[in-house]
Amino acid sequence: MSTSSTTKRGVMGAPAAPPPTSTVTLNINGVDTRLQLAPWTSLLDALREYADLTGTKKGCDHGQCGACTVLVNGKRVNSCLTLAVMQEGNEITTIEGLGTQEKLHPLQQAFIDHDAFQCGYCTPGQICSAVGLINEGKAHTEDEIRELMSGNLCRCGAYVGILNAVKEVVDSRSNEVKR
Amino acid sequence: MSQYTNYIGKPTNRVDGPAKVTGAAKYAAEFNVPNLAYGVVVSSPIAKGKIIKVYSKPVLKIPGVLAVFSHENVPNLAWFDRNYKDDVAPGGSPFRPLHDNEVKFSQQPIALVVADTFEVARYAASILEIEYEEEDHETDIELKRTEGFMPGRGKSGWMPPPPPRGKPDKEWKKAAHRIEHEYIHGAQHHNPMEMFATTTEYHPDGSITAYDKTQGVYNAQQYISKIFGLSKKQARVVTEYMGGGFGSGLRPQYQLFMSVMAALELKRSVRVTLTRQQMFSFGHRPYTLQYVKLGTNPDGTLAALQHHALHETSRFEEYTENVVNWSGMLYQCDNVKLGYQLAELDVYTPLDMRAPGAATGSIALEIAMDEMAFEAGLDPVDFRIRNYAETDQNMKKPFSSKRLRDCYHQGAAKFGWEKRNPRPRSMRDGNMLVGWGMAGGVWDATQKKSAAKATLTADGRLEVSSATSDIGTGTYTIMTQIAAQYLGLPIEAVTFKLGDTDLPEAPLEGGSWTAASVGTAVKNVCEEMGKKLLKQAQKMKGSPLKKAKFDDVEFVNGQIRLRLDPDQAVVIRDVLQASGKEKLEAETSATPNMLKQMQHSMHSHNAVFAEVKVDEDLGTVHVTRVVNAVAAGRILNLKTARSQVLGSIVWGISMALMEETIMDHKFGRYMNHNYAEYHIPVNADVRDLQVLFVEEEDEVVNPLGVKGIGEIGLLGVAAAIANAVFHATGKRVRTLPVMIDKLL
């Protein structure tokens, strides 16, 4: 038996106009950056498409993968789940603000040494997340690091390297991580 | 004196590491070219039917919206199927985006909305009204069991199963012990972290540069050239970095078509990025039903082996992969019957996904082998060694090299296998049932024609290039190592470039053949360069190398020197400066030695040992330990190769316990098409993983002796875990992934 029905998707009638843009000042990596943004622009898109800071990655745009993790006032945040306009007056740190190729942050160096990535796409989010984790002061055991780094997916499966890289830096900064 | 420029084999940090950890590495959607417009794809909500109308008008009135492209207004493009075929297109008619009003699968791209900003494009796409006429669809392979057919066309690399040998039916019936079971796994999607994207830069002369996410820039280039009638000069494709591939980037995906089409139409640069949901719309590891029959003789040798597979394909292409062939060559057996069929469904064509075919086949064969060993009262490792294949019975050829036996022994030793109590449910850790299981696998060692170019400049820097890819595999690093070693230069003085159609042609990155193929081309071009250098060195005043032939010299520690009298040397940098030339260039290609290779069966092998702990009350499974012993020829970089195998183990954990794209057959649509509901392992799911390389000397596979490492590590992992779950619980799960409901 063959049935046939018509279905429509979308919105009928005249659509609402997009919201107007305004000047938004974001403090990104210590620099006040003026951007012309509409209020519906996520912090992630503001960074990547307006501030040309493409180190922060888009992996799902739904807060499910952690690739877009940045630090806001030292705390890790999924930048796809927050609007740029909400972050005025806050200190935003992206991967570009942690270190440069010439002068790497200890976590960046540890990620290289432990080969804690393959394709590198989740890496900036992993590293920002690890900085946030250390700031939180919760990572005392390997299992805690594993658990608290579990909001950052890595499809290449570099988790062993990620654990060892984070552990090395945590070790060097505080008491030794217990197994 | 130590030879510090001997880099091959050493665990070397990724040369692209600093770029990746600082965010400097640019992926396809990150080339912020001037005056960029943004395209957002609208996907079909129905699985089959017709598009009645695309109501573009209201959307076009939205300030900032530039265009709505659909089959109603897409420009006249190439007509013949061959123009839409890419290097790995299966037989049939490739899907043409925005071609006509037919809907062939759910989430089919129906329209592209282009706007000045991403936000406006996304908004406009979200409200674009499209009217469809829905027709009945078929998406359930369970209902197509009797409608399987032998593929007639296949695709490159596919081999029909070998004909039966011996008396597989009669011998199976006569066997001392027998098993026969069905094994099933659902569809899986590659889901690399980076979503597919193309930034097409439109140049004033009408040419374009497409920054695309692809595993083969040449494949993408020929695709858009043929469709849009562009010359190769007018269509440059660049992929410097790729945020994971796993096969998903083997075929040009529709965002490339969309982005290029819009850029050419609007005469403006356009970026199209797919959503995570749309990452489930262009190919997957097919839902596969497998049937295995095994029988053993009283001495534990295999009396008969039968393996049949049926998997889905689309209505428009015959996707094929080698699922069952491996079963005819992994173990010694004289009575073998292998079968392979496809069934058409209203889905998009499946797509090669890491170890395509083998990953699927090895699940069925290796769980069946475990069942057979148990039935015959044999240890699973001992059972495999009793049936060790000394030659490839499918091809009737000797192996070029094979140290699988050492993988079994060394893997078992490292794991502590001898302490295993063979009885299920016999090992415990508190409330946890402990299970130990093992399995193994085999993958092809392939070399394909590749070209490379080398430029040595007066400052002593070497640039080597080839249009291959680095999808996270480590290509940048191993090619740099090879070049540095063959020209005896410090690794810091060598740069490797890839992923650009302006560079010499290389094959798609897939099938584990890149190290063998491009690596040999890099070696060859460095030898060419070496010959040129020697010639120049011999022109130098009082050159100690005057009478030397190329074979008499070696390139080590920044010098060219006599092998037999290393003190007779010249510094490479001085050679160039003395020559008065600004640079030396060499370009060449490498082709496989077919004469040698045709006489052999060339494969990598592995053996995997896994420990699981299963909560007796809750049925939760944790993989607590895995040892993966891999024999894949020579290992070029212990660090990156280990990472590839570690990643493979994580993929195996995923296949065994988590990963499955679930279809709602009422809608013909994947339900869990997002990262929250499509489960893959997180850091907390991964414990103690160990990789062991059993190195092989192999002069047949290629001059470097490498077999490739991208796929082999995955094989056997899922089966080893499923076998461990049986050992822990006494429950045999034959439908993966093993979820709690299947254990309670």
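Residues numbered from 1 in each chain as written. Chains lettered and ligands numbered in written order. Predicted model: local features only at pLDDT ≥ 70, side-chain atom pairs only at ≥ 80, totals over all residues.

In the annotation of an unreviewed UniProt entry, the entry for chain B reads Xanthine dehydrogenase family protein molybdopterin-binding subunit, and the organism field reads Hymenobacter fodinae.

Looking at an unreviewed UniProt entry, one finds chain A named 2Fe-2S iron-sulfur cluster binding domain-containing protein, with Hymenobacter fodinae as its source organism.

It is worth spelling out the overall build of chain B at this point. Across its full length, chain B holds 16 helices and 33 strands. Oriented by its inertia axes, the alpha-carbon framework of chain B measures out at about 80 × 75 × 50 Å. (Helix = DSSP H or I, 4+ residues; strand = E, 2+ residues; numbered from the N terminus.)

All names here are of chain A. Here chain A is partitioned into domain 1 (22-97) and domain 2 (106-173). Contact residues are listed per partner, giving 15 residues for domain 1 and 13 residues for domain 2. For the side of domain 1 that touches domain 2, the secondary structure elements donating two or more residues are β4 (69-72) and β5 (75-78). Sorting elements by how many residues they give to the side of domain 1 that touches domain 2 places β4 first, with three residues. A class-by-class count of the residues in the side of domain 1 that touches domain 2 yields six nonpolar, six polar and three charged. (Domains from an automatic or database assignment. Contact = placed C-beta atoms within 7 Å. Nonpolar A, V, L, I, M, F, W, Y, C, P; charged D, E, K, R; others polar.)

Residue and element names in this part refer to chain B. If you check the domain split of chain B, you get domain 1 (28-136 + 192-275), domain 2 (143-188 + 284-446 + 598-743) and domain 3 (448-591). Listed per partner, the contact involves 21 residues of domain 2 and 15 residues of domain 3. Listed by contribution, the elements that provide at least two residues to the side of domain 2 that touches domain 3 are β20 (432-444) and α14 (638-657).

Consider a sheet: its strands pair through backbone hydrogen bonds, and that pairing is either parallel or antiparallel. Residue and element names in this part refer to chain B. Here five strands make up an open sheet; going across it, the order is β19-β20-β28-β29-β32 and the pairing mixed. Pairing within the sheet leaves two strands with one partner each, and these edge strands are β19 (427-429) and β32 (688-693). Strand-to-strand twist in this sheet, taken as the mean axis angle between neighbours without regard to direction, amounts to 25 degrees. Examined bridge by bridge, β19 and β20 share three bridges and lie antiparallel to one another. Counterpart to D429 in the pairing with β20 is M432. (Pairing = 2+ DSSP bridges. Axes fitted to C-alpha atoms, helices over the stretch in contact; angles between N-to-C directions.)

Chain A puts 65 residues into the contact, and the matching count from chain B is 68 residues. Listing elements by their share of the side of chain A that touches chain B, those giving two or more residues are β1 (5-9), α1 (43-50), α2 (106-113), α3 (123-136), α4 (142-148) and α5 (159-173) of chain A. Along the lines of polarity and charge, the residues of the side of chain A that touches chain B split into 29 nonpolar, 23 polar and 13 charged.

Residues and elements named next belong to chain B. Looking at the element boundaries, A197 is found in strand β9 (residues 197-202). For the pair formed by A197 and R271, sequence separation is 74 residues and the distance between their alpha carbons is 7.2 Å. Excluding its chain neighbours within four sequence positions, the residues that come into contact with A197 are A28, A29, K213, Q255, R271, V272, T273 and L274.

Here we come to the sheet that holds strand β26 (residues 569-571) of chain B. Residue and element names in this part refer to chain B. Taking strand neighbours across the sheet as the criterion, the three strands line up as β24-β25-β26 in an open arrangement whose pairing is antiparallel. Each of the sheet's edge strands pairs with one partner strand only, and the pair in question is β24 (553-556) and β26. Pairwise comparison of adjacent strand axes, ignoring direction, gives a mean angle of 20 degrees for this sheet. Helix α11 (residues 514-539) rests against β24, β25 (559-562) and β26 of the sheet, and its axis sits at about 75 degrees to β25.

The element β20(B) is largely enclosed, with a buried count of 12 among its 13 residues. Hairpin connection between β19(B) and β20(B): a loop of two residues separates the two successive antiparallel strands, and G430(B) in this loop has a positive phi of roughly 65 degrees. (Buried ≥ 20, exposed ≤ 12 C-beta atoms within 10 Å, placed from the backbone.)

Helix packing for two helices is described by the angle between their axes and how far apart those axes are. All names here are of chain B. At a minimum axis separation of 11 Å, helix α5 (residues 217-228) and helix α6 (residues 254-266) run at an interaxial angle of 45 degrees. When the axis of α5 is compared with that of α6, the two are oblique. Every pair of crossing elements has a handedness; the one defined by α5 and α6 is right-handed. Note on element contacts: α6 touches α5 through L256, F257, V260 and L264, opposite A220, I224, I227 and F228. Taken together, the residues of the contact of α5 with α6 sort by class into eight nonpolar, no polar and no charged. (Parallel < 35°, antiparallel > 145°, perpendicular 65-115°, else oblique. Left-handed = near helix turned anticlockwise from the far one by under 90°.)

A few words now on the nonpolar core. Side chains of a nonpolar character, in soluble globular proteins, are inclined to be buried together. All names here are of chain B. Residues V113, A483 and I721 are the most contacted members of the largest nonpolar core, which totals 295 residues. Take this core: its biggest share by element is 12 residues, from helix α7 (residues 358-376). Setting aside anything within four residues of it in sequence, one finds V113 in contact with G39, V40, V42, V59, V65, V68, A121, A124, A125 and L128. Within the second largest apolar cluster, seven residues are counted, among which are A89, L250, M353 and L508. (Core = buried A, V, L, I, M, F, W, Y, C linked by C-beta atoms within 7 Å.)

Along an α-helix, residues three or four apart share an orientation, since each turn contains 3.6 residues. Residues and elements named next belong to chain B. By the burial criterion, the buried members of helix α12 (residues 572-579) are I572, V575 and L576. One side of α12 carries all its buried residues, which in axial view fall inside an arc of 90 degrees. Packing partners of the buried residues in α12 comprise β21 (450-457), α11, β25, β26 and β27 (583-590). Of the residues trailing α12, G580 is marked for its positive phi of about 75 degrees. (Arc of directions from axis to C-beta.)

This next bit is on α1(A). Among the eight residues in α1(A), seven count as buried, and that is most of the element. Turning to α1(A), its buried residues number three or more, namely L43(A), L44(A), D45(A), A46(A), L47(A), R48(A) and E49(A). Against the buried residues of α1(A) lie β2 (22-28) and β3 (31-37) of chain A together with α3 (118-127) of chain B. Among the residues trailing α1(A), D52(A) stands out with phi positive, at a value near 55 degrees.

This part is about the environment of A46(A). Residue and element names in this part refer to chain A. Mapping A46 onto the fold places it in helix α1. Accessibility expressed as a C-beta count within 10 Å gives 25 for A46, which makes it buried. Setting aside anything within four residues of it in sequence, one finds A46 in contact with L26, L35, L37, T41, A51 and A84.

Below, the discussion takes up the pairing of strand β28 (residues 603-615) of chain B. Residue and element names in this part refer to chain B. Of all 13 residues that make up β28, 12 are buried, and the element is covered over most of its length. Inspection of the sheet shows β28 paired to strand β29 (residues 621-631) by 10 bridges, in the antiparallel sense. Residue pairing across strands places N606 opposite V630, the latter belonging to β29.

It is worth spelling out the environment of S466(B) at this point. Residue and element names in this part refer to chain B. Inspection of the secondary structure puts S466 in the loop between β22 (462-465) and α10 (475-486). Its 32 C-beta neighbours within 10 Å are what place S466 among the buried residues. Put simply, S466 and V518 are 52 residues apart on the chain and 7.4 Å apart in space, counted from C-alpha to C-alpha. Every residue in contact with S466, bar those within four places of it in the chain, is listed here: S450, A451, A452, L498, L503, P504, A506, V518, A521 and V522.

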